[in-house]
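Chain by chain, the residues:
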Amino acid sequence: MSVPEPAGGGRLADLLRERGIVDEAEQPVLPAQQSGPWWLMLLQALAAWLASLLIVAGLVLPAVGLGTAGTGVMGGVSCIAAVALFRRGALFTDQMGLALSLAGQGLLMWTADEWFEPGAWRQMAGVGVLVSGAMLLPRASRLHRIVCALLLSLALGVLIGPGLACELFGIALMAAAILACATRERWAAQPWGGLLGAVALALGLAALMLPPLLSRARADFPFDGPEPGSPMIWLAIGAALVLVALLGHLLRAASPGLQLAAGGLALSWALVFHTAPGLIVAVGVFIAAFQASQRTLAGFALLAAVLYVGEFYYLLDVSLLRKSGLLVLGGAVLLALRAWVLRTAAGART
């Protein structure tokens, strides 16, 4: 059977119609849904942000002169206008809606800051949860949903505080992102699949970002719990257990010996890098995203893993010789795993 050559928008629509993938009503719409050249999309996005900047600047400056009430009203109007723009579904309006939404959320947070006393960051975080959660629900672009879900995760982290509960929150973020990747085939085609996909990506990114943010928060803000700079043991333990559960799920059809070997490998990895729990989180998120063909999340997880290796190398509470030996051991384990994967793939092809 011959493989058809790559086709353009019209030819691809005809091919999908011939194979029964789309019907006659959907066929004429497909070419119009194709994205334009990247440079044209970039210019449209820049134009949308420039127009939004001019509009927001022209409306916000007079509103600030009206005091807190004027700023809050302008923030609400900006959010409503953003929701209306998202309903058009075009690139220009999506980017303009994103800019107006972020400006509106910022103005609402600014208004809330005037109501609370200085240093009331938990109350501000609670307002941030409500605002970001409300803007996450309406119909919008994927990028807007990802940004709102990230802001929601950040606000929840601030609301929880930098104590041990935030480490449990990091474990929950990692587990939720991995669960969404592992069950992607069940929800991807659902009407709410687009929203869940954006939230899953944001949860994965939040899980990757949480260890350094939590470390910085513990150094800057007083709290009851571990001393600043101490290892995040609970996060490392929880991330290791999630990694073991993920490997058990992916290898559920394999032999018991292979499952035990994979679980031992995951626990060994966690034991080696327990002082840099972000590396454990990054490995788990990368495996789940790679298995689910989530290239964006897999790319960010791989980048985070590289950065966490650098963080581990420059830790001051572990000797340089020990860190070098552990890194060599981790590299040898990865090389052995690569050789096993290649041998397994070659055996499956034959």
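Please read these numbers as outputs of a predicted model, since none were measured by experiment.

What counts, and where the lines are drawn
- Residues numbered from 1 in each chain as written.
- Predicted model: local features only at pLDDT ≥ 70, side-chain atom pairs only at ≥ 80, totals over all residues.
- Heavy atoms only, no water.
- Patch = residues over 30% accessible without salt bridge, like charges linked within 9 Å, V, L, I, M, F, W, Y side chains within 5 Å.
- Areas by Shrake-Rupley, 256 points an atom, 1.4 Å probe, with all protein chains shown as cover.
- Salt bridge = Lys/Arg side-chain N within 4 Å of Asp/Glu carboxyl O.
- Helix = DSSP H or I, 4+ residues; strand = E, 2+ residues; numbered from the N terminus.
- Buried < 20%, exposed > 50% of the residue type's maximum accessible area, 1.4 Å probe, protein only.
- pLDDT = per-residue confidence, 0-100.
- Contact = heavy atoms within 4.5 Å.
- 1 Å grid on protein atoms, 1.4 Å probe; cavity = no way out; pocket = protein on both sides within 12 Å on 5 of 7 lines; lining within 4 Å.
- Points joined across faces, edges and corners; volume = space filled by probe spheres on them.
- Nonpolar A, V, L, I, M, F, W, Y, C, P; charged D, E, K, R; others polar.

Trainee: Give a description of a nonpolar patch on the surface that names residues and reports values.
Mentor: On the surface, W49, L102, W121, L151, L154, V158, M209 and L213 cluster together to form a nonpolar patch covering roughly 660 Å² of accessible area. Sorting the residues of the nonpolar patch by element identifies α6 (142-160) and α9 (193-220) as the ones contributing at least two each. No other element matches the 3 residues that α6 contributes to the nonpolar patch. Structurally, the position occupied by L213 is in helix α9. Accessibility expressed as a relative area gives 46% for L213, which makes it partly exposed.

Trainee: Could you give me a rundown of the confidence of the model for the protein, with the residues and numbers involved?
Mentor: In regions of low pLDDT, the predicted coordinates are not meant to be interpreted in detail. Across the protein, the average pLDDT comes to 82, with 84% of residues at 70 or higher. Throughout residues 1-9 the model reports pLDDT below 50, and contacts reaching past four residues in sequence, or to other chains, amount to 5 contacts.

Trainee: Residues and numbers for empty space enclosed by the protein, please.
Mentor: Applying the stated criterion to the full structure yields 2 cavities of 30 Å³ or more. Approximately 50 Å³ is the volume attributed to the largest cavity. Around the largest cavity, the lining residues are A180, C181, W187, G197, A200, L201, Q294 and L297. Counting only elements with at least two residues in the lining of the largest cavity, the list comes to α7 (164-182) and α9. Counting residues per element, the lining of the largest cavity draws most heavily on α9, which supplies 3 residues.

Trainee: An account of the layout of surface pockets is requested, with residue identities and associated values reported.
Mentor: Counted as a void, the second largest pocket has a volume near 460 Å³. Along its surface, the second largest pocket is lined by 19 residues, and L154, G157, V158, L213 and A217 are the ones closest to its centre. For the lining of the second largest pocket, the secondary-structure elements that each account for two or more residues are α6, α7 and α9. Residues of the lining of the second largest pocket, tallied by class, amount to 16 nonpolar, 3 polar and no charged.

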